[in-house]
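This is what each chain is made of:
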Amino acid sequence: MAAPRAGRQPQNDGYRSLPLSGHVGFDSLPDQLVNKSIKQGFCFNILCIGETGTGKSTLIDSLFNTSFDDPVSTHFQPNVRLRAQTYELQESNVHLKLTIVNTVGFGDQINKEDSYQPIVDYIDAQFEAYLQEELKVKRSLFSYHDTRIHACLYFISPTGHSLKTLDLLTMKSLDSKVNIIPIISKADSISKTELQKFKNKLMSELVSNDVQIYQFPTDDEAVSQVNTVMNGHLPFAVVGSTEEVKIGNKMVKARQYPWGIVQVENENHCDFVKLREMLICTNMEDLREQTHARHYERYRRCRLEEMGFRDIGPENKPVRHPCSKSHTDRKSVCHSFASVESLQEAYEAKRHEFYLELQRKEEEMRQHFVQRVKEKETVLKEAEQQIQSKFDHLMLMHQEEKLKLEKKKKALEDDMAMFNKKKANAELLQTQAFVSTPVVSLKRDKDRKKEQGFRLELLCFDIRNEETVNVQEQSEREKLERERNSPREFQK
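Residues numbered from 1 in each chain as written. Predicted model: local features only at pLDDT ≥ 70, side-chain atom pairs only at ≥ 80, totals over all residues. Heavy atoms only, no water.

A.B. asks: For the overall build of the chain, give the residues involved together with the corresponding values.
C.D. replies: A count of helical and extended segments in the chain gives ten helices and eleven strands. Within the span of the chain, comprising 492 residues, buried residues form 29% of the whole. Long-range contacts, defined here as pairs at least 24 residues apart, represent 66% of the contacts in the chain between residues at least 6 apart. Taken as a whole, the chain presents about 35100 Å² of accessible surface, with 54% of it coming from carbon and sulfur. (Helix = DSSP H or I, 4+ residues; strand = E, 2+ residues; numbered from the N terminus. Buried < 20%, exposed > 50% of the residue type's maximum accessible area, 1.4 Å probe, protein only. Contact = heavy atoms within 4.5 Å. Areas by Shrake-Rupley, 256 points an atom, 1.4 Å probe, with all protein chains shown as cover.)

Next comes the structure, spelled out in C-alpha cells:
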C-alpha cells in the first residue's frame, strides 16, 4: 500500500571505526537536540477531508481534548474552499503549533467533477511556498512557519457498501502529495459485523485502484510490533464526542442513545484510542519526516527539473556545482567532478531557451498580426468597392431623376405660357363684351349711382344738423356769459 521507505541505518562507505579510550562527551548530542527542539517548539498540520456533517470538527476536538470553535458549515456552498486555522497548544513543557485545515463544501455540489482540485492546489501551494523560502539567498527556515500538510484524515461516510467515486478520485489525486489516513466516521451508526465487512471492502477497493495510503513504519524496533498490528486495523472506525457522561464513579466522553452509551475512549466500542495513539503519540514525527523526505522532495525535484536544473548532464556525467573560496588562502577550491555544466550554465541555458521560445512566440504573434492586418485590409477594400459601386448607382439614379425633373419643369413652363396666353385672350374678350353691354346694364349703373348719391346726401344732412346744434349751443353759452358780466360793468 505504501512506497518502500529509505533505510534509516547509516551505511559504511569505507570509513574506519575506531574505539575510544575514554569519555569524550558527544553522547550528550541527543539531549542537546531534545533541549533545542523543546525550546524551538514543534508544528503539525492536519488536513481534514470529508463531506459536510461527517463529524470532522468533533473528532479533532476529541483528539486534542479541547474546543477549537470551528464555525458550522452548511450544505449550500457553491464550491469547495479550504479554511486553515492555527492554534498554540502546550502540554507539559512542549509547545505545539497546530494548524487544522478543513474542506468546506466538499461533496455538496451537484457537479462534483472538480471538487478535489482546490485541495490539490492548496497542498501544492504550501510546497511551493516552502521551496521559494529554500531558494532564497538569505533564508530563515529556522523561524519559518511550515504550512505543509503532514497528515490527511480522510473521513468516509459509513454507508456499508463501498467507496464513492469522489472518494476514490480524491485519494488517488492526493496519495503522492500527502500522508492519507482513511477514517470511517460515525462508526456507531452500523453494527460491528457490517463495520468489519465495510473495512475489508474499503481496503480491497484501495488496493485494486492502486491508492497509496499511509502505512505506520515498521523499520523501528521500538514501534515495529505495535505499528504492524495497527496497520491491520486500517481504516480506523471512530466516534467523536465532546460531551461527558457519568458511568459508574467517573465521567467519560461518550454519546448517549436510547439503546445505550457509546464510549469514545473504549476500544471495544470504536478505534478512537488507536487513532490517537498512532497519529499523535507514536508516529507524529514520522509523519513530519515522510512529508519532508518523500512528498516534498518529489515536488521539489519536479519543480527544479522544470526550471532546468539536473544532476546528470547530457553525457551522463555529474553536474559541476559552483566553486567556493577557502577562508585561509582565498583560493578557488572546486569540486573534483568531471563536470559538464554548472548551475549558472543550467540557468543560462534555461534562460536562452526561454529567450528563444519568447522570440518564437513573438514571431508567431507578429505573423498573426500581419495576417490579421492583411485580412482586415481585404475586408476594407471589399467594403470600399461596395460603397463605390453603391455611390455610382446612386449618382446614376440622381442623374436620371434630374433629367425627369427638367422635363417636368419644361412642361410646366409650357403650361404656364399657354395659361397666360389664354388669360390674355379672356381679358380681351371681356373688354369687348363690356363695350357692347345692353341698356339694362346702364340703367342699373345709374340706379346704383343714384343710391350712392342719396346715401351721400343723408350723410351730409346729418353733418349739417350736428353743426347747427353746435352753433346754437355756442351762442347760448356766449349769451349767458354776457349776462354774468353786465352787473359788474354797471357797478363800475
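A.B. asks: Outline unusual backbone geometry, supporting the account with residue identities and numerical values.
C.D. replies: Residue P235 follows L234 across a cis peptide bond; omega there is -10 degrees. Within the secondary structure layout, P235 lies in the loop between α6 (224-231) and β6 (236-237). In this model, S92 sits at a positive phi of 60 degrees, which is unusual for a non-glycine residue. Along the chain, S92 turns up in the loop between β2 (81-91) and β3 (94-104). With phi around 55 degrees, D210 is a residue other than glycine that occupies positive phi space. Residue placement: D210 occurs in the loop between α5 (192-208) and α6.

A.B. asks: An account of a nonpolar patch on the surface is needed here, citing residue identities and associated values.
C.D. replies: Among the surface-exposed residues, L20, V24, F26 and L29 lie close enough to one another that they form a single nonpolar patch of about 430 Å² accessible area. Within the secondary structure layout, L20 lies in the segment before α1 (29-40). Taking the relative accessible area as the measure of exposure, L20 reaches 58% and is therefore exposed. (Patch = residues over 30% accessible without salt bridge, like charges linked within 9 Å, V, L, I, M, F, W, Y side chains within 5 Å. Salt bridge = Lys/Arg side-chain N within 4 Å of Asp/Glu carboxyl O.)

A.B. asks: I'd love a proper account of empty space enclosed by the protein, names of residues and values included.
C.D. replies: Empty space left among the atoms is revealed by rolling a probe the size of a water molecule over them. Counted according to the given criterion, the structure contains three cavities of 30 Å³ or more. Each pocket or cavity is described by its volume, and for the largest cavity that value is around 110 Å³. Forming the walls of the largest cavity are C48, K56, S57, I60, D61, F68, D70, R83, Q85, Y87, I100 and N102. Ranked by residue count, the leading element in the lining of the largest cavity is helix α2 (residues 56-63), at four residues. A class-by-class count of the residues in the lining of the largest cavity yields five nonpolar, three polar and four charged. (1 Å grid on protein atoms, 1.4 Å probe; cavity = no way out; pocket = protein on both sides within 12 Å on 5 of 7 lines; lining within 4 Å. Points joined across faces, edges and corners; volume = space filled by probe spheres on them. Nonpolar A, V, L, I, M, F, W, Y, C, P; charged D, E, K, R; others polar.)

A.B. asks: Before we move on, could you go through the packing of aromatic side chains and cite the residues and values that matter?
C.D. replies: For any pair of aromatic rings, the description rests on two quantities: the centre-to-centre distance and the angle between the ring planes. Summed over the entire model, instances satisfying the criterion amount to ten aromatic pairs. Summarising the aromatic geometry, the rings of Y130 and Y296 are spaced 5.1 Å apart at their centres and angled 85 degrees between planes, so their arrangement reads as edge-to-face. Placement of Y130 in helix α3 (residues 117-134) and of Y296 in helix α8 (residues 284-306) is noted, with a sequence separation of 166 residues between them. Residues Y130 and Y296 agree in their burial class; the two are buried. (Phe/Tyr/Trp six-rings, centres within 6.5 Å; stacked < 30°, edge-to-face > 60°.)

A.B. asks: So what's going on with the layout of surface pockets? Which residues, and what values?
C.D. replies: Empty space within the largest pocket amounts to approximately 880 Å³. Lining the largest pocket are 26 residues; nearest its centre among them are Q40, G41, F42, C43 and R288. Put simply, the parts of the chain that give the lining of the largest pocket at least two residues each are α1, β1 (42-49), β3 and α8. Broken down by class, the residue content of the lining of the largest pocket amounts to ten nonpolar, eight polar and eight charged. Size it by volume and the second largest pocket reaches roughly 630 Å³. Of all the secondary-structure elements, those providing two or more residues to the lining of the second largest pocket are β2, β3, α7 (272-282) and α8. By residue number, the principal contributor to the lining of the second largest pocket is α7, which donates four residues.

A.B. asks: Hey, could you go over the pattern of salt bridges for me, with residue numbers and the actual values?
C.D. replies: Counting across every chain of the model gives 17 salt bridges. Salt-bridge contacts for K177 lead to D124; the nearest nitrogen and oxygen are separated by 3.1 Å. Here K177, found in the loop between α4 (165-174) and β5 (180-184), pairs with D124, found in helix α3; they are 53 residues apart in sequence, far enough to count as distant. Given a relative accessible area of 18%, D124 falls into the buried group.

A.B. asks: Give a detailed account of the sheet that holds β6, specifying residues and quantitative values.
C.D. replies: Within the open sheet, the six strands sit side by side as β2-β3-β1-β4-β5-β6. Their pairing is mixed. The open sheet has two edge strands, β2 and β6, and neither has a second partner. Direction of pairing for β5 relative to β6: parallel, over a ladder of two bridges. Note on β6: the bridge partner recorded for I184 is A237. (Pairing = 2+ DSSP bridges.)

A.B. asks: Let's hear about α6: which residues, and what values?
C.D. replies: Residues S224, N227, M230 and N231 constitute the buried set of α6. Angular distribution of buried residues about the axis of α6 spans 130 degrees; they occupy a single face of the element. At its buried positions, α6 is contacted by β6 and α7. (Arc of directions from axis to C-beta.)

A.B. asks: Residues and numbers for the sheet that holds strand β7 (residues 244-247), please.
C.D. replies: Spatially, β7-β8-β9 is the arrangement adopted by the three strands of the open sheet, whose pairing is antiparallel. This sheet does not close on itself; its edge strands, each paired only once, are β7 and β9 (260-263). Each strand of the sheet is rotated relative to its neighbour by a mean of 65 degrees, with strand direction disregarded. Two elements, β7 and strand β8 (residues 250-257), share four bridges in a ladder whose sense is antiparallel. Bridge pairing in β8 places K246 opposite M251. (Axes fitted to C-alpha atoms, helices over the stretch in contact; angles between N-to-C directions.)

A.B. asks: With reference to specific residues and values, describe the confidence of the model for the chain.
C.D. replies: For the chain, the mean per-residue pLDDT works out to 82, and 80% of the residues sit at or above 70. Note that residues 321-341 has pLDDT below 50 and, in this model, 29 contacts with residues that lie over four places away or in other chains. (pLDDT = per-residue confidence, 0-100.)

A.B. asks: Account for the environment of M171, with residues named and values stated.
C.D. replies: With respect to the helices and strands, the residue M171 is situated in helix α4. The residues touching M171, leaving out its near neighbours within four places in the chain, are Y154, L163, I180, L206 and V211.

A.B. asks: Account for the pairing of β1, with residues named and values stated.
C.D. replies: Buried residues dominate β1, accounting for seven of its eight residues. Here β1 runs beside β3; their pairing, made up of seven bridges, is parallel. Looking at the pairing, F42 lines up with L96 of β3. With four bridges connecting them, β1 and strand β4 (residues 151-156) associate as parallel partners. Opposite C48, over in β4, you have L153 as the bridge partner.

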